[in-house]
Amino acid sequence: MYSTSPKAKRLEFRCPDPSCNPYLTFSAMLMAAVDGIQNKLDPGKPLDVNIYDMEPEHAKEIAQTPGSLAESLAALRKDHGFLTKNEVFTSDVIDTWIDYKTSAEVDAIRLRPHPYEFMLYYDI
């Protein structure tokens, strides 16, 4: 919940999905944290406003995470060097993972109508 108190700050941590492989997930999360520390990445200033009440022109200045699995896989393909440090993950494992998720999930959903489409068009 958003707080106006200067003493209260909110940190959002979203735990990984319980269906994930914890060995892969927590290794990737740890490698991302180590990368941020080693490269002294600036996480940005705290955002002390309710993002749902922001004006659209201000909201577009705030960095967004990928909005879909396809966008997430594209971001992973573009930037995964931090995962391959010290051979924690290999490039072929990452490429295989991206190819599998794309064919088994992204393409599988893209090729079929979404249930919402049925409600929109077949309920007339």
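Rules used in this analysis
- Residues numbered from 1 in each chain as written.
- Predicted model: local features only at pLDDT ≥ 70, side-chain atom pairs only at ≥ 80, totals over all residues.
- Heavy atoms only, no water.
- Salt bridge = Lys/Arg side-chain N within 4 Å of Asp/Glu carboxyl O.
- Helix = DSSP H or I, 4+ residues; strand = E, 2+ residues; numbered from the N terminus.
- Buried < 20%, exposed > 50% of the residue type's maximum accessible area, 1.4 Å probe, protein only.
- Polar contact = N/O pair within 3.5 Å; in protein donor to acceptor, adjacent residues only side chain to side chain.
- Contact = heavy atoms within 4.5 Å.
- pLDDT = per-residue confidence, 0-100.
- Expected span 1.5 Å × (residues − 1).
- Arc of directions from axis to C-beta.
- Core = buried A, V, L, I, M, F, W, Y, C linked by side-chain atoms within 4.5 Å.
- Axes fitted to C-alpha atoms, helices over the stretch in contact; angles between N-to-C directions.
- Parallel < 35°, antiparallel > 145°, perpendicular 65-115°, else oblique.
- Left-handed = near helix turned anticlockwise from the far one by under 90°.
- Nonpolar A, V, L, I, M, F, W, Y, C, P; charged D, E, K, R; others polar.

A.B. asks: Tell me what's going on with the pattern of salt bridges, and back it up with residues and numbers.
C.D. replies: Scanning the model with the defined rule gives four salt bridges in all. Between D35 and K85 there is a salt bridge, with its nearest N and O atoms 3.4 Å apart. Taken together, the residues span a long stretch of sequence, with D35 in helix α1 (residues 22-38) and K85 in the loop between α3 (69-78) and α4 (91-110) at a distance of 50 residues. A salt bridge links E105 to K101, with the shortest nitrogen-to-oxygen separation between them at 2.7 Å. Placement of both E105 and K101 in helix α4 is noted, with a separation of four residues, approximately one turn of the helix.

A.B. asks: Can you break down the side chain of H80 residue by residue, with the values?
C.D. replies: When you line up the elements, H80 lands in the loop between α3 and α4. A relative accessible area of 17% places H80 in the buried class. Polar side-chain contacts of H80 include one of 3.4 Å to the backbone oxygen of R77. Other than its neighbours up to four places away in sequence, H80 contacts S91 and I94.

A.B. asks: Mind laying out the confidence of the model for the protein chain, listing which residues take part and the relevant values?
C.D. replies: Looking at the protein chain, the pLDDT average stands at 88 and 94% of residues meet or exceed 70. Per-element averaging of pLDDT across the protein chain places helix α5 (residues 115-121) at the bottom with 86 and α3 at the top with 96.

A.B. asks: Tell me about α1, residues and numbers included.
C.D. replies: Its 17 residues give α1 an end-to-end C-alpha distance of 24 Å, which sits within 8% of 24 Å, the value for a rise of 1.5 Å per residue. Considered for burial, the residues of α1 that qualify are T25, M31, D35 and G36. Each buried residue of α1 sits inside an arc of 135° when the element is viewed along its axis, so together they form one side. Seen from the open side of α1, the exposed residues pointing more than 90 degrees away from its buried face are Y23, L30, I37 and Q38. N-cap assignment for α1: the residue whose side-chain oxygen lies 2.9 Å from the backbone N of Y23 is N21. The first or second residue beyond α1 is K40, which carries a positive phi of 50°.

A.B. asks: How would you explain the nonpolar core if you had to name every residue and give the values?
C.D. replies: Membership of the largest hydrophobic core is limited to nine residues, which are M31, L73, L76, F82, L83, F89, I94, I98 and V106. Of all the secondary-structure elements, those providing two or more residues to this core are α3 and α4. Per-element tally for this core: the top contributor is α4, with three residues. Excluding residues that lie within four positions of it along the chain, L83 makes contacts with A28, M31, L76, V88, F89 and I94.

A.B. asks: Residues and numbers for the environment of Y100, please.
C.D. replies: Note on placement: Y100 falls in helix α4. Sequence-wise, Y100 and L83 are 17 residues apart; in three dimensions their C-alpha atoms are separated by 18 Å.

A.B. asks: Give a detailed account of the packing of α3 against α4, specifying residues and quantitative values.
C.D. replies: Between α3 and α4, the shortest axis-to-axis distance is 10 Å and the interhelical angle comes to 160°. Considered as vectors, α3 and α4 are oriented roughly antiparallel to each other. Where α3 crosses over α4, the two elements pack in a sense that is left-handed. Residues L69, A70, L73, L76 and R77 of α3 lie in contact with α4, whose contacting residues are I94, D95, W97, I98, D99, K101, T102, E105, V106 and R110. Tallied by class, residues from the contact of α3 with α4 come to eight nonpolar, one polar and six charged.

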